[in-house]
Amino acid sequence: MRAVRIDRHGGPDVLTVEEIPDPAPAPGEVLVRTAASSLNPVDHKTRAQHIGPALPATLGWDLAGTVVATHGTPFRPGEQVIAMSAQIATGRGTWSELVTLPAHLLTHAPTTIPLTDAAALPLAGVTAVQALEKTALTDGDRLLVIGATGAVGGIAVQLALRTGATVDALVSRPAHHTEARALGAAHVTHTLTDLPPTAYDAVLDTAGLDAGHLLAPGGRYVSIADEPLPDVPGAVKSYVQENSDHLADLVALVDKGALRLRIAARHPLDEVRAAHERFEAGGVLGKILLTF
Ligand SMILES: NC(=O)c1ccc[n+]([C@@H]2O[C@H](COP(=O)([O-])OP(=O)(O)OC[C@H]3O[C@@H](n4cnc5c(N)ncnc54)[C@H](OP(=O)(O)O)[C@@H]3O)[C@@H](O)[C@H]2O)c1
């Protein structure tokens, strides 16, 4: 089978599509034929920096595909599934024509969107769910999402609105205002200084800004970014954990039309270097998919 591998860290040129042996499912695992994955910032960091598993390694966290075989699991061949694999911790990369994963990481794919598009959901969606849990939003709260048109931010805005919160959006550039409004944001800006100090019951920061002054007393500031937290009480980081229950909840929302996945581009596996270059240029609205 073919897989996207690195044997050293560096720019997109370290990505190679290689033939490696087909995997076989161990007890409790499922063998999945990949339909698509997506690019996430962690893939770029794992490619570029000395983090993650020992090399050579297969990259990729998101998986959408079809079950080929299982070893003592409830899944059946032919079922369409999605999963998030914490590649940086486990070394189980998903940018591969065949992937074996423990069954507890899988959930059935949405039925109302193409299977390939479902690859936009796992890492960004589960991250948004778990970070929003830490914001403890209730009806009537005012939330600021920083990076609101990004992959995590775009899902977080939609989920937060379901709690009855008002959601404001800080985006990177004027060209992203329309998208933020389409997601449901009330007030949209690309300028931090436009935002009212001490006005927010919660802030979800996906871009690593120093925006603690916007938090109301007693508010919750949750960051998923690598940058240090602002020095305000109530500031915490959120680190995504593999959780197929959270993924199943997201699938249900997609299937009832309550969560919109945004796809910016679909690149076949052989274009993985170009896909990385496109992503690193920034300004992308929606996920970049890798199709198999
Ligand atoms: N802690 C965790 O468990 C976890 C999980 C998932 C992701 N992450 C991290 O969270 C970050 C976001 O992930 P993602 O997948 O959502 O990435 P993404 O799709 O690239 O979204 C980031 C968004 O932030 C915007 N942005 C950048 N600088 C900004 C600024 N100064 N003001 C407002 N918006 C700004 C970007 O706009 P432009 O594209 O125009 O620059 C983009 O829309 C990444 O660093 C990722 O590694 C952490």
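Above this text is the structure in question.
A brief report on the enclosed structure follows. (Residues numbered from 1 in each chain as written. Predicted model: local features only at pLDDT ≥ 70, side-chain atom pairs only at ≥ 80, totals over all residues. Heavy atoms only, no water.)

1. A short note on the packing of helix 3 (residues 122-135) against helix 6 (residues 244-255)
Rules: Inter-axis angles, ranging from 0 to 180 degrees, are taken between N-to-C directions of lines fitted to C-alpha atoms, where helices are fitted over the stretch in contact. Numbering of helices and strands starts at the N terminus; helices are DSSP runs of H or I of at least 4 residues and strands are runs of E of at least 2. Oblique is the label for any angle not under 35 degrees, not over 145, and not in the 65 to 115 range, which are roughly parallel, roughly antiparallel and roughly perpendicular in turn. Any pair of residues with heavy atoms lying within 4.5 Å of one another is described as a contacting pair. The residue classification treats Ala, Val, Leu, Ile, Met, Phe, Trp, Tyr, Cys and Pro as nonpolar and Asp, Glu, Lys and Arg as charged. All others, Gly included, are polar.
It is the contact of helix 3 with helix 6, at a shortest axis distance of 9 Å, that shows an interaxial angle of 105°. Classified by the interaxial angle, the pair formed by helix 3 and helix 6 is roughly perpendicular. Across the interface between the two elements, P122, G125, V126, V129, Q130 and E133 from helix 3 touch H246, L247 and L250 from helix 6. Of the residues belonging to the contact of helix 3 with helix 6, the class tally is five nonpolar, three polar and one charged.

2. A few points about the site of the ligand
This is how the line gets drawn: Put simply, a residue is near a molecule or strand once any heavy atom of it comes within 4 Å of that molecule or strand. As used in this structure description, the phrase polar contact means that two N or O atoms lie within 3.5 Å; if the pair is within protein, one of them must be able to donate a hydrogen and the other to accept it, and residues adjacent in sequence are counted only when both atoms belong to side chains. Residue exposure ignores everything except the shown protein chains as possible cover, and the areas themselves are Shrake-Rupley values with a 1.4 Å probe. Here a cavity means grid points, on a 1 Å grid over the protein atoms only, where a 1.4 Å probe fits yet cannot get out; a pocket means an open set of points with protein on both sides within 12 Å along at least five of seven lines; lining residues are those with an atom within 4 Å of a point. What decides whether a molecule sits in a cavity or pocket is whether more than half of its atoms lie within 2 Å of the grid points. Residue ranges assigned to each domain were obtained from an automatic or database domain assignment.
Near the ligand you find 23 residues, and of these K45, S172, R173, S238 and V240 are the closest. Here an oxygen atom of the ligand sits 3.4 Å away from a polar atom, N or O, in the main chain of G150. Residue S172 places a side-chain N or O atom 2.5 Å away from an oxygen atom belonging to the ligand. Protein chains shield 77% of the accessible area of the ligand, which is 910 Å² for the free molecule. Under a 2 Å grid-point criterion requiring more than half of the atoms, the pocket assigned to the ligand is the largest pocket. Of all the secondary-structure elements, those providing two or more residues to the shell around the ligand are helix 1 (41-48) and helix 4 (151-161). Class assignment for the residues of the shell around the ligand results in 11 nonpolar, 10 polar and two charged. Of the domains in this structure, domain 1 (2-121 + 261-291) and domain 2 (124-237) are the two that each give at least three residues to the shell around the ligand.

3. Topic: the pattern of salt bridges
Let me state the cut-off plainly: Salt bridge, as used here, is a side-chain nitrogen of Lys or Arg placed within 4 Å of a carboxyl oxygen of Asp or Glu. The classification of residues rests on relative accessible area computed with a 1.4 Å probe and restricted to protein chains. Under 20% of the type maximum is buried, over 50% is exposed, and intermediate values are partly exposed.
Considering all chains together, one arrives at 10 salt bridges under this definition. Here E97 makes a salt bridge to R2, at a shortest N to O gap of 3.3 Å. Taken together, the residues E97 in the loop between helix 2 (87-90) and strand 7 (98-102) and R2 in strand 1 (residues 2-6) connect sequence positions 95 residues apart. Relative accessible area serves as the criterion here: at 23%, E97 is assigned to the partly exposed category. For D270, the salt bridge identified is with R2, shortest N-O distance 3.0 Å. You can see D270 sitting in the loop between strand 15 (263-268) and helix 7 (272-280) and its partner R2 sitting in strand 1, a full 268 residues away along the chain. Connected through salt bridges with shared partners, the residues R2, E97 and D270 form a single ionic network.

4. Some remarks on the sheet that holds strand 4 (residues 57-58)
Test applied: For two strands to be treated as a pair, DSSP must find no fewer than two bridges joining them.
Strand order in the open sheet formed by three strands is 2-1-4, and the pairing between neighbours is antiparallel. Every other strand in the sheet has two partners, leaving strand 2 (16-19) and strand 4 as the edge strands with one partner each. Relative to strand 4, strand 1 runs antiparallel, the two being bridged by two bridges. Across the sheet, the residue bridging to I6 is A57, located in strand 4.

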